[in-house]
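Residue strings, one per chain:
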Amino acid sequence: MTIKELQSLLFEYEDKKYGDFSAKLIPDIPREKFIGIRSPEYKNILKRIKDDPVIPEFLKTLPHKYHEENCLHVQLINRIKDFDECVCELEKFMPYIDNWAVNDGVNPACFKKHRAELIGKVQGWISSEATYTRRCGMKLLMSNYLDEDFKAEYLDLPADLRSNEYYVNMMTAWLFAEALTKQWDSAVKFIETHRLDFWTHNKTIQKACESFRVPEERKEYLKSLRVKI
């Protein structure tokens, strides 16, 4: 299979109405960049290209033309079993991530077995000035370090960063809202001491209060910690 043949395969799953819908959710990307592929279809696509020699070529062919090619790229990275190879491919791809939907799909399975080696990389990505590299780092921190491998110090870096980027600040709020559901005693201190910028602080409280996993009494307490901007 060639790259053009792979693109043709993607168009077999085209849903124009879904493409219109996706374009509205990601207004930073022109409509012509969307094929319109529903998320469940990627499993079928991956089955059809399994072990095809086009995969290494596809991973090298950057930037891609279509949003869905980026989504497929993420799916392929997520399936890489070797940790070092996976990190390498992700770092090659990060500069080409241009929207939240592609970014938030990043979640390689192999990372769960290599959290000790990964944390330094995650912190480096969070420190990046690139919007989606930073967001990707925080997404991976949220996905991998809020449970048994949690350390309160991991929240220091995202708490102290300041950004004018909406998609960075929304990710920070999402991260801390998740931390409030899983690691309340540590996470709530960041809210009580106003470690976040005011907008992100209030957005964190809003998102936590929208969660069914936060008890009502905690929601009431969080609401009392809102700040007036």
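Let me begin by describing the structure that accompanies this report. (Residues numbered from 1 in each chain as written. Predicted model: local features only at pLDDT ≥ 70, side-chain atom pairs only at ≥ 80, totals over all residues. Heavy atoms only, no water.)

1. Structural notes on a positive patch on the surface
- Judged by side-chain charge, Lys43, Lys47, Lys50, Arg79, Lys81 and Lys113 come together as a positively charged surface patch.
- Among the structural elements, lysine 43 can be located in helix 3 (residues 41–49).
- Take lysine 43: its relative accessible area is 59%, and that puts it in the exposed class. (Patch = residues over 30% accessible without salt bridge, like charges linked within 9 Å, V, L, I, M, F, W, Y side chains within 5 Å. Areas by Shrake-Rupley, 256 points an atom, 1.4 Å probe, with all protein chains shown as cover. Salt bridge = Lys/Arg side-chain N within 4 Å of Asp/Glu carboxyl O. Lys, Arg positive; Asp, Glu negative; His and termini not counted. Charge placed at Lys NZ, Arg CZ, Asp CG, Glu CD. Helix = DSSP H or I, 4+ residues; strand = E, 2+ residues; numbered from the N terminus. Buried < 20%, exposed > 50% of the residue type's maximum accessible area, 1.4 Å probe, protein only.)

2. Points about the pattern of salt bridges
- Using the criterion set out here, one finds 15 salt bridges in the structure.
- The salt bridge partner of glutamate 178 is arginine 213, with a shortest N-O separation of 2.4 Å. Of this pair, glutamate 178 sits in helix 11 (residues 166–182) while arginine 213 sits in the loop between helix 13 (198–209) and helix 14 (216–223), placing them 35 residues apart in sequence.
- One salt-bridge network, held together by shared partners, links Arg115, Glu148 and Asp149.

3. Let's talk about the packing of aromatic side chains
- A full pass over the atoms with the stated rule returns eight aromatic pairs.
- Their ring planes at 40° and their centres at 5.9 Å tell us that tyrosine 18 and phenylalanine 21 sit as a pair that is tilted. Placement of both tyrosine 18 and phenylalanine 21 in helix 2 (residues 16–25) is noted, with a separation of three residues, approximately one turn of the helix.
- You can call tyrosine 18 buried: its relative accessible area is 18%. (Phe/Tyr/Trp six-rings, centres within 6.5 Å; stacked < 30°, edge-to-face > 60°.)

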